[in-house]
Amino acid sequence: DAGVIQSPRHEVTEMGQEVTLRCKPISGHDYLFWYRQTMMRGLELLIYFNNNVPIDDSGMPEDRFSAKMPNASFSTLKIQPSEPRDSTVYFCASTPQGGNQPQHFGDGTRLSIL
Amino acid sequence: AQTVTQSQPEMSVQEAETVTLSCTYDTSESNYYLFWYKQPPSRQMILVIRQEAYKQQNATENRFSVNFQKAAKSFSLKISDSQLGDTAMYFCAFMKHGKLTFGTGTRLTIIP
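Presented here is a report on the structure given in the accompanying data block. (Residues numbered from 1 in each chain as written. Chains lettered and ligands numbered in written order. Predicted model: local features only at pLDDT ≥ 70, side-chain atom pairs only at ≥ 80, totals over all residues. Heavy atoms only, no water.)

## So, the state of the cysteines
Residues and elements named next belong to chain B.
No. 1: Tallied over the entire structure, the rule returns two disulfides over all chains.
No. 2: Between the sulfur atoms of Cys23 and its disulfide mate Cys92 the distance is 2.0 Å. The chirality of the disulfide connecting Cys23 with Cys92 is left-handed, given an S-S dihedral of about -70°. Of this pair, Cys23 sits in the loop between strand 3 (19-21) and strand 4 (24-26) while Cys92 sits in strand 10 (residues 88-96); the two residues are 69 residues apart in sequence, bridging distant segments of the chain. (Disulfide = S-S within 2.5 Å. Helix = DSSP H or I, 4+ residues; strand = E, 2+ residues; numbered from the N terminus.)

Have a look at this one:
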């Protein structure tokens, strides 16, 4: 069974550029979550989807961040324009229908904005 | 809103010893789920153990067990016969309606 797949594993780009992080959830999982992990705030939920529909985006820090889920097997998190303070690790996770099942995490994308 | 508190930022124990990581949470909910996740240096987030709040029996998974005290809102993780591979960050997490709230983590080091 393939797990949650995130790409790229590392992303280095210059300030002001658009950054796109990608996630493929586990097949059959109806919930998809985007998190970021920082030293100051730990793991914080940015947004989550149920059946491709955004349910709660209250954790998205500002308008520079956006997320989409065009189909059940793909989601993106975009930052435009990127800033150095966006540099951290971003995780995607998925879980089966029911919502209270354990979340399965991808390996994360480490983002570095120069 | 739920909060999860892990009061031990760092711990270290000798290999083969038993260690307990503490976690408390605050919620007005009666039905919820609790988890411990492990994050080794490889950065993966790995599920260690899960507890349903409606179950009084403490969950166990091999060397890992929890002490769940619902009235006290406490959910500690006990690792028995600790191994070098247990070295990692450990996160306690509260789940309701599919949303996870994480604690700030405890960095555990197993000393050879």
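## Notes on the sheet that holds strand 8 (residues 74-79) of chain A
Residue and element names in this part refer to chain A.
No. 1: Overall, antiparallel pairing links the four strands, which are arranged 1-3-8-7 in an open sheet. Edge strands, defined here as strands with exactly one partner in the open sheet, are strand 1 (5-7) and strand 7 (65-71). Adjacent strand axes in the sheet meet at a mean angle of 20° when their direction is disregarded. (Pairing = 2+ DSSP bridges. Axes fitted to C-alpha atoms, helices over the stretch in contact; angles between N-to-C directions.)

## What about the environment of Gln80(A)?
No. 1: Topologically, Gln80(A) is positioned in the loop between strand 8 and strand 9 (88-95).
No. 2: A C-alpha to C-alpha distance of 7.1 Å links Gln80(A) and Gly16(A), two positions 64 residues apart in sequence.

## Here's the deal with the pairing of strand 6 (residues 46-52) of chain B
Two faces belong to every sheet, and in a regular strand the side chains alternate between them.
Residues and elements named next belong to chain B.
No. 1: Examined bridge by bridge, strand 5 (residues 33-39) and strand 6 share six bridges and lie antiparallel to one another. Across the sheet, residue Phe35 finds its bridge partner in strand 6, namely Arg50.
No. 2: Hairpin connection, strand 5 to strand 6: the antiparallel pair is bridged by six residues, and Arg43 has positive phi, about 85°.

## Details of the interface of chain B and chain A
Often, the extent of an interface is quoted as the loss of accessible area on bringing the components together.
No. 1: Taken together, the 18 residues of chain B in the interface contact 21 residues of chain A.
No. 2: Together chain B and chain A conceal approximately 1,700 Å² of surface at their shared face, both sides included; 52% is due to carbon and sulfur atoms.
No. 3: Of all residues in chain B, Arg43(B), Met45(B) and Lys99(B) give up the largest surface area on contact with chain A, accounting jointly for 36% of the area buried on that side.
No. 4: Summed over the shared surface of chain B and chain A, the result is one salt bridge. (Contact = heavy atoms within 4.5 Å. Buried area = accessible area lost by both parts, 1.4 Å probe. Salt bridge = Lys/Arg side-chain N within 4 Å of Asp/Glu carboxyl O.)

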